[in-house]
Amino acid sequence: GNSVTQMEGPVTLSEEAFLTINCTYTATGYPSLFWYVQYPGEGLQLLLKATKADDKGSNKGFEATYRKETTSFHLEKGSVQVSDSAVYFCALSESGGGGADGLTFGKGTHLIIQP
Amino acid sequence: DGGITQSPKYLFRKEGQNVTLSCEQNLNHDAMYWYRQDPGQGLRLIYYSQIVNDFQKGDIAEGYSVSREKKESFPLTVTSAQKNPTAFYLCASSGFVSRQPQHFGDGTRLSIL
């Protein structure tokens, strides 16, 4: 079956540091990949997505590139802010039978940015 | 503004009691989902529905039931058969075509009295 593995947290960084959160996946076919962000007490918000190999998703200074050869989708940001503190989820979507199935999520990485 | 509304935000259940969590969307999405979130475990799929009057079990459906009588609504019932119901429950929706991003509500936190 499908699975997503992302680095365990919490990850603690100082403001303006460079961020990388690793994500690798296992899928039987050719999935779409997503990063979601969750702020305390809230639902998940889509941060960025990529649908095919070498696609780069980007939003709010965050980027991730779909690497089929390494089955990875690492999240990066050049200079983090305190407001980026949240839990980040990597996820994939793959439907062999057509139609919309559920997402497969990683366990989440708690990011803490200190001023 | 379009979105997904979950209610209530907090819910308490007594032992042996069934409770129903509401999820409504006005995004005109065909597909809707229920996930359970536990600390350190990410999100796990309970049930999903691709069209009205049809739904499928996800990875952890035991102890839960759903209905999909209207396109906009996908309520989840946590039955007394669910022995460990304390969790954060998230509802989501998406277009019917596969591999679409999902849009999430703000969740319902269920606790046992």
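Check the entry above for the structure.
Scope of this entry: the structure provided in the associated data block.

Here we come to the nonpolar core. A:Trp35, A:Leu48, A:Phe73, A:Leu75 and A:Tyr88 are the most contacted members of the largest nonpolar core, which has 25 residues in total. When neighbours within four sequence positions are excluded, A:Tyr88 is seen to be in contact with A:Gln6, A:Ile21, A:Trp35, A:Tyr36, A:Val37, A:Leu47, A:Phe62, A:Leu75, A:Gly108, A:Thr109 and A:Leu111. B:Ile46, B:Ile60, B:Tyr64 and B:Val66 belong to the second-largest nonpolar core, a separate cluster that totals 20 residues.

Attention shifts here to the interface of chain B and chain A. Interface extent is often summarised as the accessible area lost during association of the parts. Residue-level contacts link 26 residues of chain B with 23 residues of chain A. When chain B packs against chain A, close to 1,800 Å² is buried across both sides, 53% of that on carbon and sulfur atoms. Our count for the contact surface shared by chain B and chain A stands at zero salt bridges. Where chain B touches chain A, the interface holds four residue pairs in polar contact (both at pLDDT 80 or more).

To continue, consider the environment of B:Leu21. All names here are of chain B. Relative to the elements of secondary structure, Leu21 occurs in strand β3 (residues 19-25). Taking the C-alpha atoms as reference points, Leu21 and Thr108, separated by 87 residues in sequence, lie 7.4 Å from one another. Those residues in contact with Leu21 that lie beyond four places of it in its chain are Ser7, Leu11, Trp34, Pro75, Leu76, Val78, Tyr89 and Thr108.

In this section: the sheet that holds β3(B). Residue and element names in this part refer to chain B. Strands sit in the order β1-β3-β8-β7 across an open sheet of four strands; the sheet is antiparallel. Edge positions in the sheet fall to β1 (4-7) and β7 (64-66), since each has one partner strand and no second. The average angle at which neighbouring strand axes cross in this sheet is 20°, direction not considered. Sheet analysis places β7 next to strand β8 (residues 76-78), joined by three bridges and oriented antiparallel. By the bridge assignment, Tyr64 is partnered in β8 with Val78.

All names here are of chain B. Of note, Ser73 is situated in the loop between β7 and β8. Residue class for Ser73 comes out buried when judged on its relative accessible area of 12%. For the pair Ser73 and Ser22, spaced 51 residues apart in sequence, the C-alpha to C-alpha distance is 7.7 Å. What Ser73 contacts, discounting residues up to four positions off in sequence, is Cys23, Glu24, Met32, Ser67 and Arg68. For Ser73, the side chain forms a polar contact with the side chain of Glu24, separated by 3.1 Å.

So, about the packing of aromatic side chains. Residues and elements named next belong to chain B. For the structure on display, the rule yields 14 aromatic pairs over all chains. Note on Tyr33 and Tyr48: the rings are 6.4 Å apart at their centroids and 25° apart in plane angle, and the pair reads as stacked. A residue pair is termed long-range when its members are at least 10 positions apart, and Tyr33 in strand β4 (residues 31-37) and Tyr48 in strand β5 (residues 43-51) qualify at 15 residues. The class for Tyr48 is buried, based on a relative accessible area of 12%.

So, about the side chain of B:Gln6. Residues and elements named next belong to chain B. Inspection of the secondary structure assignment puts Gln6 in strand β1. You can call Gln6 buried: its relative accessible area is 11%. Within polar-contact distance, the side chain of Gln6 engages the backbone oxygen of Tyr89 at 3.1 Å.

For the rest of this paragraph, the subject is the pairing of strand β6 (residues 54-57) of chain B. The two faces of a sheet get side chains in turn, since along a regular strand they alternate between them. Residues and elements named next belong to chain B. With three bridges joining them, β5 and β6 adopt antiparallel strand pairing. Within β6, the residue paired with Tyr48 across the bridge is Gln56. In this antiparallel pair of consecutive strands, β5 and β6, the connection spans two residues, and Asn53 shows a positive phi of 65°.

As a further point, take the pattern of salt bridges. All names here are of chain A. By the definition in use, this model includes seven salt bridges over all chains. We note a salt bridge from Lys52 to Asp55, for which the minimum N-O separation is 3.3 Å. Note that Asp54 is salt-bridged to Arg67, the shortest N-O span being 3.9 Å. You can see Asp54 sitting in the loop between β6 (44-50) and β7 (56-59) and its partner Arg67 sitting in the loop between β8 (62-65) and β9 (75-77), a full 13 residues away along the chain. Its relative accessible area of 54% is what places Asp54 among the exposed residues. With relative accessibility at 36%, the residue Arg67 sits in the partly exposed group.

The rules behind the values
- Residues numbered from 1 in each chain as written.
- Chains lettered and ligands numbered in written order.
- Predicted model: local features only at pLDDT ≥ 70, side-chain atom pairs only at ≥ 80, totals over all residues.
- Heavy atoms only, no water.
- Core = buried A, V, L, I, M, F, W, Y, C linked by side-chain atoms within 4.5 Å.
- Buried < 20%, exposed > 50% of the residue type's maximum accessible area, 1.4 Å probe, protein only.
- Contact = heavy atoms within 4.5 Å.
- Buried area = accessible area lost by both parts, 1.4 Å probe.
- Salt bridge = Lys/Arg side-chain N within 4 Å of Asp/Glu carboxyl O.
- Polar contact = N/O pair within 3.5 Å; in protein donor to acceptor, adjacent residues only side chain to side chain.
- Helix = DSSP H or I, 4+ residues; strand = E, 2+ residues; numbered from the N terminus.
- Pairing = 2+ DSSP bridges.
- Axes fitted to C-alpha atoms, helices over the stretch in contact; angles between N-to-C directions.
- Phe/Tyr/Trp six-rings, centres within 6.5 Å; stacked < 30°, edge-to-face > 60°.

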